[in-house]
Amino acid sequence: MESGSGSLEALREANRLRVIDALRHEGSASRTDLVRITGLSRTTITTLVGDLQERGLVVEQEEHAVERPERPGRGRPPVLLRLAPSAGAALGLDFGHRHVRVAVADLSSTVLAERRIDVDVDVAAATALDAAAGLVEEVLREAGVDRAQVVGAGMGLPGPIDRRTGTVGSSVILPGWAGVHAAEELARRIDFHVEVDNDANLGALAEFSLGAGRGMQDMVYVKVSSGIGAGLVLGGRLHHGATGIAGEIGHVQVRADGAVCRCGNRGCLETVASGPALLNVLRPVHDESLTLAGMLELAAAGDLGTQRVINDAGRAIGQALGDLCNSLNPSMIVVGGDVSAAGAPLLDGIRETVDRYAQPGAAQAVTVTRGVLGERAEVLGALTLVIADTERLRSVGLAALVS
Ligand SMILES: [Zn+2]
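Positions within a chain are numbered from 1, following the residues in the order the chain's sequence is written. Residue-level local features of this predicted model are given only where pLDDT is at least 70; pairs of side-chain atoms are given and counted only at 80 or more, and the full residue set underlies all totals for whole chains, interfaces and linings. To get the side-chain values, take all heavy atoms of the structure and skip hydrogens and water.

Trainee: Looking at this structure, I do not really get the coordination of the zinc ion. What am I missing?
Mentor: Under ideal tetrahedral coordination, the four donors around a metal are separated by 109.5 degrees; under ideal octahedral coordination, the six donors are separated by 90 or 180 degrees. For Na, K and Ca the donor cut-off is 3.2 Å; for every other metal, N, O and S atoms count as donors within 2.8 Å. Water does not enter the count, which can leave sites looking incomplete. For the zinc ion, the protein coordination sphere consists of His-251 (ND1), Cys-261 (SG), Cys-263 (SG) and Cys-268 (SG), at 2.0 to 2.3 Å. Viewed at the metal, the four donor atoms of the zinc ion are separated by angles of 103 to 123°, and the geometry they form is tetrahedral. Sequence spacing of the donor residues for the zinc ion, all on one chain, is H-x9-C-x1-C-x4-C. On the basis of relative accessibility, which here comes to 22%, the residue Cys-263 falls in the partly exposed class. The class of Cys-268 is buried, set by a relative accessible area of 1%. Only four donors with every angle between 85 and 135 degrees are called tetrahedral; only four or six donors with opposite donors over 155 degrees apart and all others between 65 and 115 are called square planar or octahedral, in that order; all others are irregular. For each residue, the accessible area found with a 1.4 Å probe, counting protein chains only, is set against the maximum for its type, and the residue is called buried under 20%, exposed over 50%, and partly exposed in between.

Trainee: Could you clarify how one ought to interpret the sheet that holds strand S13 (residues 332-336) in this entry?
Mentor: The pairing of strands in a sheet happens through backbone hydrogen bonds and is either parallel or antiparallel. Taken together, five strands build an open sheet; the order of strands is S12-S11-S10-S13-S14 and the sheet is mixed. Edge positions in the sheet fall to strand S12 (237-239) and strand S14 (367-370), since each of these pairs with one other strand and no more. Here the average twist between neighbouring strands, direction ignored, is 25°. A pair of strands is treated as paired once DSSP finds two or more bridges between them. Helix and strand assignments come from DSSP, with helices taken as H or I runs of at least 4 residues and strands as E runs of at least 2, each series counted from the N terminus. Pairing of strand S11 (residues 228-234) with S12 involves three bridges; the strand directions are antiparallel. Of the residues in S12, the one forming a bridge with Leu-234 is Arg-237. Here, two residues are considered to be in contact whenever any of their heavy atoms come within 4.5 Å of each other. Lines fitted to C-alpha atoms define the axes, with helix axes restricted to the stretch in contact, and inter-axis angles between N-to-C directions lie between 0 and 180 degrees. Lying over the sheet, helix H11 (residues 344-357) contacts S13 and S14, oriented at roughly 165° with respect to S14.

Trainee: Teacher, can you tell me more about H11 here?
Mentor: Each α-helix winds once per 3.6 residues, and so residues spaced three or four apart point in a common direction. Take the residue count of a helix, subtract one, and multiply by 1.5 Å to get its expected span. Over its 14 residues, H11 extends 20 Å from the first C-alpha to the last, a length consistent with the 20 Å expected when each residue adds 1.5 Å. Considered for burial, the residues of H11 that qualify are Pro-345, Leu-346, Leu-347, Gly-349, Ile-350, Thr-353 and Val-354. On the buried face of H11, the contacting elements are helix H10 (304-328), S13, helix H12 (360-365) and S14.

Trainee: Before we go on, may I ask you to explain the packing of aromatic side chains in this structure?
Mentor: By convention here, two paired aromatic rings are described through the distance between centres and the angle between planes. Aromatic rings from Phe, Tyr and Trp, taking only the six-membered ring of Trp, are treated as a pair when their centres fall within 6.5 Å; an angle between ring planes under 30 degrees marks them as stacked, one over 60 as edge-to-face, and anything in between as tilted. Scanning the model with the defined rule gives one aromatic pair in all. Ring plane angle 75° and centroid distance 5.6 Å describe the contact between Phe-95 and Trp-177, whose orientation is recorded as edge-to-face. A residue pair is termed long-range when its members are at least 10 positions apart, and Phe-95 in strand S3 (residues 89-95) and Trp-177 in the loop between strand S8 (167-168) and helix H5 (182-190) qualify at 82 residues. Overall, Phe-95 belongs to the buried group, its relative accessible area being 0%.

Trainee: Help me understand the packing of helix H8 (residues 275-282) against H10, please; the structure alone is not making it clear to me.
Mentor: Each pair of packed helices gets described by two things: the angle between the helix axes and the distance between those axes. Two elements in contact, H8 and H10, have axes whose closest approach is 10 Å; the angle formed by their N-to-C orientations is 145°. Like other packed secondary-structure pairs, H8 and H10 cross with a definite hand, here right-handed. For the pair formed by H8 and H10, the contact residues are Leu-278, Val-281 and Leu-282 on the first element and Gly-305, Thr-306, Val-309, Ile-310 and Ala-313 on the second. A class-by-class count of the residues in the contact of H8 with H10 yields six nonpolar, two polar and no charged. With the far helix as reference, a near helix turned anticlockwise by less than a right angle produces a left-handed crossing, and one turned clockwise produces a right-handed crossing. Residues are grouped as follows: nonpolar covers Ala, Val, Leu, Ile, Met, Phe, Trp, Tyr, Cys and Pro; charged covers Asp, Glu, Lys and Arg; every other residue, Gly included, is treated as polar.

Trainee: Is there a simple way to think about unusual backbone geometry in this case?
Mentor: Within the chain, Ser-109 stands out as a residue other than glycine whose phi angle is a positive 65°. Here Ser-109 lies in the loop between strand S4 (99-106) and strand S5 (111-118). Classification of Ser-109 as buried rests on a relative accessible area of 16%. In this structure, Asp-191 is a non-glycine residue whose phi angle is positive, near 60°. Mapping Asp-191 onto the fold places it in the loop between H5 and strand S9 (194-198).

Trainee: I would appreciate a short explanation of the environment of Glu-185 in the present structure.
Mentor: Looking at where Glu-185 falls in the secondary structure, it is placed in helix H5. The spacing of Glu-185 and Asn-326 is 141 residues in sequence and 39 Å in space, taken between C-alpha atoms. For Glu-185, the contacting residues outside a window of four places in its chain are Leu-129 and Val-180. Within polar-contact distance, the side chain of Glu-185 engages the side chain of Arg-188 at 3.0 Å. Pairs of N or O atoms within 3.5 Å make up the polar contacts considered here, provided that, within protein, one atom can donate a hydrogen while the other can accept it, and that residues adjacent in sequence are counted only when both atoms are side-chain atoms.

Trainee: I keep staring at the side chain of Asp-197 and nothing clicks. Help me out?
Mentor: Within the secondary structure, Asp-197 is located in strand S9. Here Asn-201 takes part through its side chain, which lies 3.0 Å from a polar atom of the side chain of Asp-197. Filtering out sequence-adjacent residues up to four positions away, Asp-197 remains in contact with Met-155, Gly-156, Leu-157, Ile-161, Arg-163, Leu-202, Leu-238, His-240 and Leu-385.

Trainee: Is there a simple way to think about the pattern of salt bridges in this case?
Mentor: Side chains that carry opposite charge are capable of pairing whenever their charged atoms lie near each other. Counted as salt bridges are all cases of a side-chain nitrogen of Lys or Arg within 4 Å of a carboxyl oxygen of Asp or Glu. Summed over all chains, the structure comprises 22 salt bridges. Ionic pairing is found between Asp-51 and Arg-55, a salt bridge with its closest N-O pair at 3.1 Å. Judged by its relative accessible area of 18%, Asp-51 falls in the buried class. Arg-55 sits in the partly exposed class, given a relative accessible area of 28%. With its nearest N and O atoms 3.0 Å apart, the salt bridge here joins Asp-106 to Arg-82. With Asp-106 in strand S4 and Arg-82 in strand S2 (residues 81-83), this residue pair connects regions lying 24 residues apart in the sequence. Pair check on accessibility: Asp-106 and Arg-82 agree, each one buried. Put simply, Arg-101, Glu-114, Glu-375 and Arg-376 are held in one network by salt bridges that share partners.

Printed below as a string of structure tokens:
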């Protein structure tokens, strides 16, 4: 049986974790904020914060957030607290079809260092994993983060992950990775615990935790890039489905006799609305070397043909999302991926066909908006995968709490 002082210490540890959770979630908070968020008394919070400051896990924020309203006549503004970088760090790795991005952040999701390189991820898993492992060493060195501070790594891949086996679930969507135990292979190279998920799921997690979808319980994130995929947040949680395929809207058929897709079907959404599909339409009339960035510039400069092609892509995406709205009834659709930088032509197209294909009640309930995290959404989601895992932090990262 546990002694009385043992259970008291266990309670203190649980309360310290509640304070750390609150600071992880808020980024920074005053003692008054912590009382409100945790429901603990002012005296308890003061003791816990003092304790955590002594252990070097919590520090006073040097500059006050500018957006905090001034409260005239009530003395100086409250001291804001945040987690110290020494409380722990997490790694995030985002594998696109053509790039790898790696970031290291503290437990408040503040990125300390970040690197991105171009590499053909689809074809050769080993090459991409080796490159990523090299970037991990670089960002740790640049940020001055000791390996002992790292609580784990989150990893995103542009294909469905079978949650039962941890392998890439489709040999046609990501050919070089079929059957590869991605998390194990990366863990072997970098010697940290690795969690893996699909890139659109991680974009959804980031926009839901840190971006446009904060506070939404039911949200769809759609990534429009080299491929098209969606991440679903249902009832405040990421929804993977039975085998990790949930949200693969890129392979919903939108043209009955359309082009043959890499998945083997015809007329998939990806064949009409992905970045490469748009370039295929525009290159013959502009320049065979037209890039995605060039296409976005043309659209921003008011080129009507380019805007029209992007708008048509939005309408095709909105058709698939309209069906999804009837099934899931989300309150927000967040549009991300590099094509989302086109803005209005894409979003207006999506809005138009969501309104046409969704039931009026489902269409009225949903806001269509652009993501606010841009091309970093997926890597931030990979970081969140680690940082939001309280059990993991309890078991490995915050040993100082119980000493
Ligand atoms: Zn397909």
